[in-house]
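# Descriptive structure summary
What follows is the residue order along each chain.
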Amino acid sequence: MQLSRLRPRSIRARMTAATVALFGVVLLAGVVTLCLTVPSWVRAELVDRADRASRMVTILVDDRPVEGAIPPQHDVRLLQVVNARGEVVAAGAALQGRPPLTRAVPGGGDSRVVDRVCPEGGDCLIVVGTSNRSTAYGPAVAYAAVEESAALNVPLVATTLTAGALALLGLLGWATWVGVGRVLAPVERIRSGLEQISATDLGDRMPVPDTGDEVAELTITVNDTLARLEDAVERQRRFVSDASHELRTPLTAMLVRLEACAATPDPEECTQTLEEVLGDARRLSAIVQDLLLMARIDAGARPPEELLDLGKLVVGELDRHSFRLPFTTSVEPGLMVRGSRLRLDRLLANLLSNADRYGGGAVHVMVSRCGSHGVVEVRDDGPGIPADQRDAVFQRFTRLDTARSRDTGGTGLGLAIARDIATEHGGTLHVGDSVKGARLVLRLPLAPPGEEGGTIRE
């Protein structure tokens, strides 16, 4: 069964079965241990009790005969004194006129004998005899007997303990089933609610219980995940729509111009048409290349990284491209960053191209250190970016009404790609405050001093 299809009832049954199995093994081990140890322990206690009583009797008859019945010793009432001829010469009240409890006598140099006696019609007895060679009755043995406990009946003990263990195990299983069911009930509600949500309607949210426990935190996390998923799906839909529109525009223009050229094959007009079509094809190629780059970034494909001099990267981009406006620079040397040269070149090229495209008369680029980060600021003197649009300008295919249009030749992906590359390298890219024009600020973490490995590039 796949985990995604695992129902709470199955989890409930498995948890209950696992709990019952675990405690069943523990209880079984306990029953076996008790069956093996309890009878021995109880028998030892009974023997010890009878032994103390018999020793007290030997002391009692050591000097003079007992007058009347032998008084109970340590709550033991079954007492007898048997002389060397096997005659009962003294007994407790319960054994008056009764024959000897046992014929077993101490032997082999031992002063004590232990026997088990089961008289007809009565309970079995544990009898302990202690010999004394100098009593008032001459050599004699003092016997003390105690009734056997039911705990010495191993089958009865095993049956009782097994029945108790089964009852306890059943109660534990029921409690586990009910407890797990109550715990999983909110999870089941979340599951059933999520099952009703589809990719076309991600606006529903799970009700958050007011318990303040882990289930409530789980519900909050699920709702946050749904919100992020809804935002991602919406951005994906918008991106697909915008990409389709951006690709359709140059294709439509190319078809219209080519059809017009085919309808009226005038060499001069067709030459102009081919030049216009070539421009549209270049624009289409640029859009496709940007889309492919964004797809690779979204997929997490990371090219090899190396140590790079941030200032020299900026200067290199300025030397490599021809810009419409003049650029001035202020570069702090020796700011080393680790990253992909191709991706960082693309990031800087997009920032410089954006400033050149929308600037009025000049662009200033500054590279400096700020703590553990290298900072690149690109300032132009163009119309600038309104404060309420500073985040929107980094969205894919976003164009501002007053500052961006398709006539400028951009794909609408330049700043979006630049921010994605900055984020990929652990940095940030945002629009800063500026008195005039736009001010784009790039921050990248600097490589630790003395970092080894990689190749230092300009």
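Notes on the structure in this doc start here. Note that this is a predicted model, so its numbers are computed, not measured. (Residues numbered from 1 in each chain as written. Predicted model: local features only at pLDDT ≥ 70, side-chain atom pairs only at ≥ 80, totals over all residues. Heavy atoms only, no water.)

Residue position: Thr102 is located in the loop between strand S2 (88-91) and strand S3 (112-117). A distance of 3.1 Å separates a polar side-chain atom of Thr102 from the backbone nitrogen of Ala104. Polar contacts involving the side chain of Thr102 include one to the side chain of Asp115, which spans 2.6 Å. Apart from the residues within four sequence positions on either side, Thr102 is in contact with Asp115, Val117, Val127 and Tyr143. (Helix = DSSP H or I, 4+ residues; strand = E, 2+ residues; numbered from the N terminus. Polar contact = N/O pair within 3.5 Å; in protein donor to acceptor, adjacent residues only side chain to side chain. Contact = heavy atoms within 4.5 Å.)

This next bit is on the packing of helix H6 (residues 341-358) against helix H7 (residues 414-424). Contact geometry of H6 with H7 gives a least axis separation of 9 Å together with a crossing angle of 140°. When you trace H6 past H7, the crossing you get is left-handed. Seen from H6, the contacting residues are Arg343, Leu344, Arg346, Leu347, Asn350, Leu351 and Asn354; seen from H7, they are Gly414, Leu415, Ile417, Ala418, Ile421, Ala422 and Glu424. A per-class count over the contact of H6 with H7 returns eight nonpolar, three polar and three charged. (Axes fitted to C-alpha atoms, helices over the stretch in contact; angles between N-to-C directions. Left-handed = near helix turned anticlockwise from the far one by under 90°. Nonpolar A, V, L, I, M, F, W, Y, C, P; charged D, E, K, R; others polar.)

Our focus in this paragraph is the pairing of strand S9 (residues 363-370). Of the pairings in the sheet, the one linking strand S7 (residues 327-331) to S9 comprises five bridges and is parallel in character. Its bridge partner lying in S9, Thr329 is registered against Val365. Where S9 and strand S10 (residues 373-380) come together, eight bridges link them in antiparallel fashion. Pairing of Val367 across the sheet is with Val376, part of S10. Here S9 hands over to S10 after two residues, with Gly371 in that stretch at a positive phi of 65°. (Pairing = 2+ DSSP bridges.)

What follows covers helix H4 (residues 267-298). An α-helical segment advances 3.6 residues per turn. Residues three or four places apart therefore align on the same side. Over its 32 residues, H4 runs 46 Å from end to end, which matches the ideal 46 Å to within 8%, given 1.5 Å per residue. When H4 is considered as a whole, its buried residues turn out to be Cys270, Thr273, Val277, Asp280, Arg283, Leu284, Ile287, Asp290, Leu291, Leu293, Met294 and Ile297. (Expected span 1.5 Å × (residues − 1). Buried < 20%, exposed > 50% of the residue type's maximum accessible area, 1.4 Å probe, protein only.)

Turning our eyes to something else, we now look at a nonpolar patch on the surface. Nonpolar side chains collect at one region of the surface, where Leu22, Phe23 and Val26 lie side by side and expose about 290 Å² of accessible area between them. When you line up the elements, Leu22 lands in helix H1 (residues 8-60). (Patch = residues over 30% accessible without salt bridge, like charges linked within 9 Å, V, L, I, M, F, W, Y side chains within 5 Å. Areas by Shrake-Rupley, 256 points an atom, 1.4 Å probe, with all protein chains shown as cover. Salt bridge = Lys/Arg side-chain N within 4 Å of Asp/Glu carboxyl O.)

Within the open sheet, the five strands sit side by side as S7-S9-S10-S12-S11. Their pairing is mixed. Taken across any chain shown, the strands that pair with only one partner, and hence form the sheet edges, are S7 and strand S11 (428-432). Averaged over all adjacent pairs, the angle separating strand axes in this sheet is 15°, with direction ignored. Strands S11 and strand S12 (439-445) of the sheet are contacted by H7, whose axis makes an angle of about 130° with S11.

The next thing to look at is the pattern of salt bridges. All chains considered together, the criterion is met by eleven salt bridges. Salt-bridge contacts for Asp48 lead to Arg52; the nearest nitrogen and oxygen are separated by 2.3 Å. Highlighted residues: Asp48 and Arg52, both in helix H1, separated by four residues, approximately one helical turn. Note on Asp48: relative accessible area 36%, which makes it partly exposed. Given a relative accessible area of 38%, Arg52 falls into the partly exposed group. Arg112 is the partner of Asp51 in a salt bridge, and the nearest nitrogen-oxygen pair spans 3.6 Å.

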